[in-house]
Amino acid sequence: MTERAIEHVTCLGCGCACDDIGVVVKRGRITQANNACALGAAWFGDGMVPAEIRVDGQAATLEKAIHKAATLLVRAKRPLVYIAGDVSCEAQREAVAIGDRLHAAVDSLAATAAAAVLAAQRRGRATATLGEIRRQADLVVFWAVDPSERYPRFTARYTGERRASRAVIGVDVGPSRGPRDSDHRVTIAPDDEVDALAIMRAIVAGRDLDATGRFEPAVELARRMMRARYAAIVADGEPSSAAADPDRAEALVALAQALNGPTRCALAALRAGGNRSGADAVLTWQTGFPFAVDFAGGTPGYRPARGARVLLAGGEIDAALVVGSPATLPEDVAEGLGGKSVAVVGPRASAATFGPGVAIDTGVAGIHEGGTAFRMDDVPLPLRASLPGPPAALNVVRTIRERLGARTHE
Amino acid sequence: MSSPARLRIAGGTVYDPTNGVDGVVRDVCIEDGRIVAELPRDAQRLDAGGMVVMPGGVDIHSHIAGPSVNHARRLSPEEHAADAMPAPRLEDGTLARSGTGGTVPTTFATGYRYAGLGYTTAMEAAVAPLGARHAHAELDDTPILDAGFFVLLGNDDYLLRQIAAGETARARDYAAWLLGVTRGYAIKIVNPGGVALWKGGGSDGTRNVTGLDDIVGSTSVTPRKILETLGAAANALALPHPVHVHCNNLGQPGNYATTLASMKALGGQRAHFTHLQFHSYGGERGKRWQSAAQDVIEYVNAHPETSVDVGQVMFGPATTVTADSPVEHLLATSTGGGRKWVNVDIELESGCGIVPYVYREKAAVAALQWAVGLELFLLAKDPWRVVLSTDHPNGGTFLSYPELIRLLMDRSYRDERLKAVNQKLLGGSALLDGLSREYTLQEIAIVTRAGPARLLGLTNKGHLGPGADADVTLYTSDADRAKMFATPRYVLKGGTVVVEEGQLRRAPAGQRLSVRPEYDTAVTKDLRRFFDQNATVSFANYGAEPVP
């Protein structure tokens, strides 16, 4: 019986991008993903993915599917390129190139953290790569988030094991609660959250506010953070509700920045998996903007309020290329693609629920394909292929780009 | 024009300082991407009559790729919106890539715009090892330029531990290993020890070093020890470029003393001190600033082992981006704050600080900085060791090089500009006293090409002798030197015409410049243990080499 072990594999199950996974392959299937959490184990699964190629629901050759995808895109009046999950940065770079060539709108899963990204664009950031938080922080404040559910290994890997010299405070904001086992808890009413952050920032800046009553716990928290040698704030960059409050995201950044006066502070924004942080990085270096880029004018434009979701809902888009796993698409984007002329190139493309005209199953980046992915803190990591798989997304997307022809937009 | 395998650039006035050619009318012959001594008479000709011919420009210090640069890009969407660039149509009819500019352009725009200025080689000046893979990916998307990057060392935990333990040989092996796994080109030191203190937490007063003998954690670790250890390592490894040093106390009044002390600490061995302008201020900390350019450049003039680039400040928008994160905190919070500010502490290694900034000629400090840079240029005795840079995009963007060249070549223009700037802090400045020097075209060719290529150890760059890469820039001579250098008539990269009268014609991929020094591999055993205990990235995944 053949058994292979692949070490140091990077998992894209969430934004933690743990790169210490030991994958065991027996008889062509993944039988173990050592060190992986439950999310990671599910993400690897047994490594079996469909390898279908479909045009209008019928099995087709790769050649025909690529031709059809290119044709559909070239004929589009208002195309969209959407970068979904589980593709490498290398494939993402090709996807943006297609958007550029087609004068398309380009958006990605990075848009799910739009509030945090926009706040960082307005104010900047006070942050750290996660290992530095583990190394330096003597106080970690989990702001309305418990990483254990959606980022199961975050605490163990990035904020460190519990120890006497590190205090953990959980801030509960309505139903969004900090970790259960926090050393201390602070409760803030949802309607008070932005005000509480502003008051904390004023305290940190040295304002002698007479904040009594319901803001007292927040004031005390601010003073506690000022006494720390290196404070970390961990907040969720991926809002669980659709109504991401831009004021809240900005107030968190402002507080973290202000804390660097009296002490040091880093704000870590938790971001989900599938290499969405890679899409953010690639779009930024190729276009200058992190998501919601529109090439319609022949140059990259930034339309953060008119991303894929809005364009699709408004009926503006007539054709789309989805690069990545359709299962990772936000629900409203997947719904919006229904009835449009769509090509999907990515893992389990053939299982897309919105009936794409072209579906080309590819391997999963990090399981069947190598390349590069970014951790939620923008640290780049290599991906390793544990198994052979369907055609590589990078190759398929590149071939589609080459087929678009050199002379569009004369 | 097409780009044949053989090409004779005929009858241009050639400036090739490396080969002692100073404004001589002669032909430059190209075959298969290289300069050759002669070609058959029937080889295709490019008539360069009346044109100035120089090697392609070489930027020794520029921030163009990697995590810090991308953070800076993300920070200024409004700049990008204001400077959107359509995809250029190439000679073969295909479209290149669109992009956006501003002070931190996108990767494709960076490649095209550098080439548009006649620059064909550039060094990204500061990449944390953890971000090396990212920097390479960006350089892969930066066409035309042959490029490499400097790897940040000098605040990294592993190195400081080796210094504390007196393990000099292991520190050297580590530096060599790191350059290899990151596919970097040279060792970069930024505010040695200061960034490590900033990351270590606490309040003001303990979060930076103030001089070469401040203690960094362990009593046996000081900025001086860091400089000595890495300076010696770079020389022992015979790296093509020595340590590239950003001194302590950047931007502080009175910092020239630290700068001179740093140069002396590395005295007698090759070392490069970068953006010297930001390190040449007199006065006292927290008090009045003045120029100390003369003191600093006199030391450089007298020490042939020391080289510098200037880091000229040019009036207008800039983005300050540096691994010297405590300095950026100071900048962000001075003058009332309210500026956009990014700080990223990079685990075990380095930092990153970013503040968008505008240098105004009516602002006293900006005017002083502008004057200090010009003094350094104009008082330098050996142009081979004083390279033209703006520390793009810190002192201004690389697009301001033509304007800077005009300031150096045209005294009357310079004097006119000097009258317009705030003179409050210029007392004692040699510039105010009147500096009559005007750079010659040959000297410009040295400070923008031949000098940086030599200092980088790029033997095939910066000159037009047989065997050199056929990177050639042709300018139409113009009394307005800014105009002349802003729009080359032709730019050839590896023998290929890439730019013709401001139009991008071809956009080939550039080459990557990297080193792989040898070392005692015993160090990797210790490193593996260090990684297992301290790092969040697996040892096997670290660096930028392809994985199986």
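Above this text sits the structure in question.
Residues numbered from 1 in each chain as written. Chains lettered and ligands numbered in written order. Predicted model: local features only at pLDDT ≥ 70, side-chain atom pairs only at ≥ 80, totals over all residues.

(A) Up close: the overall build of chain B. Tallying secondary structure elements over chain B gives 18 helices and 24 strands in all. At 23 Å, chain B has a C-alpha radius of gyration in line with the 24 Å of a compact globule built from 548 residues. Principal-axis analysis of the C-alpha atoms gives chain B an extent of 70 × 60 × 45 Å. Of the contacts formed within chain B by residues at least 6 apart in sequence, a portion of 77% connects residues at least 24 apart. (Helix = DSSP H or I, 4+ residues; strand = E, 2+ residues; numbered from the N terminus. Rg over C-alpha atoms; globule rule 2.2 N^0.38 Å. Contact = placed C-beta atoms within 7 Å.)

(B) Representation of the interface of chain B and chain A. Opposite the 52 residues of chain B that make contact, chain A presents 60 residues. Where the side of chain B that touches chain A is concerned, the elements lending two or more residues are α1 (67-75), α2 (77-82), β7 (84-85), β8 (99-100), α3 (107-116), α4 (132-140), α11 (325-333) and β18 (341-346) of chain B. Partitioned by chemical class, the residues of the side of chain B that touches chain A number 21 nonpolar, 21 polar and 10 charged. Where strand β8 (residues 124-128) of chain A meets β18(B), five bridges bridge the pair, whose relative direction is parallel. Residue pairing in the sheet places A:Thr127 in a bridge with B:Val344 of β18(B). (Nonpolar A, V, L, I, M, F, W, Y, C, P; charged D, E, K, R; others polar. Pairing = 2+ DSSP bridges.)

(C) Structural context of the sheet that holds strand β5 (residues 58-59) of chain A. Residues and elements named next belong to chain A. An order of β5-β4-β18-β17-β16-β6-β7-β14-β15 is seen for the nine strands of this open sheet, with the pairing classed as mixed. Strands with a single pairing partner mark the edges of an open sheet, and in this sheet they are β5 and β15 (301-302). The pairing of strand β6 (residues 79-83) with strand β7 (residues 105-108) spans four bridges and is parallel. When the sheet's bridge partners are listed, Leu80 is paired in β7 with Ala105.

(D) Examining unusual backbone geometry more closely. With an omega of -5°, the peptide bond running from B:His392 to B:Pro393 counts as cis. For A:Asp56, which is not glycine, the phi dihedral falls at a positive 50°. Looking at where A:Asp56 falls in the secondary structure, it is placed in the loop between β4 (53-55) and β5. Looking at A:Asp56, the number of C-beta atoms within 10 Å reads 11, which means it is exposed. Phi is positive for A:Asn275, close to 70°, though the residue is something other than glycine. Mapped onto the elements, A:Asn275 comes out in the loop between β13 (264-270) and α10 (276-287). The exposure class of A:Asn275 is buried, given the 36 C-beta atoms found within 10 Å. (Buried ≥ 20, exposed ≤ 12 C-beta atoms within 10 Å, placed from the backbone.)

(E) Structural detail: the packing of helix α3 (residues 89-102) of chain A against α10(A). Residues and elements named next belong to chain A. Contact pair α3 / α10: the axes reach a minimum separation of 9 Å and the direction vectors enclose 45°. The pairing of α3 with α10 is recorded here as oblique in orientation. For the pair α3 and α10, the crossing hand works out as right-handed. Of the residues in α10, those touching α3 at Cys89, Gln92, Arg93 and Val96 are Gly278, Ala279, Val282, Leu283, Gln286 and Thr287. Tallied by class, residues from the contact of α3 with α10 come to five nonpolar, four polar and one charged. (Axes fitted to C-alpha atoms, helices over the stretch in contact; angles between N-to-C directions. Parallel < 35°, antiparallel > 145°, perpendicular 65-115°, else oblique. Left-handed = near helix turned anticlockwise from the far one by under 90°.)

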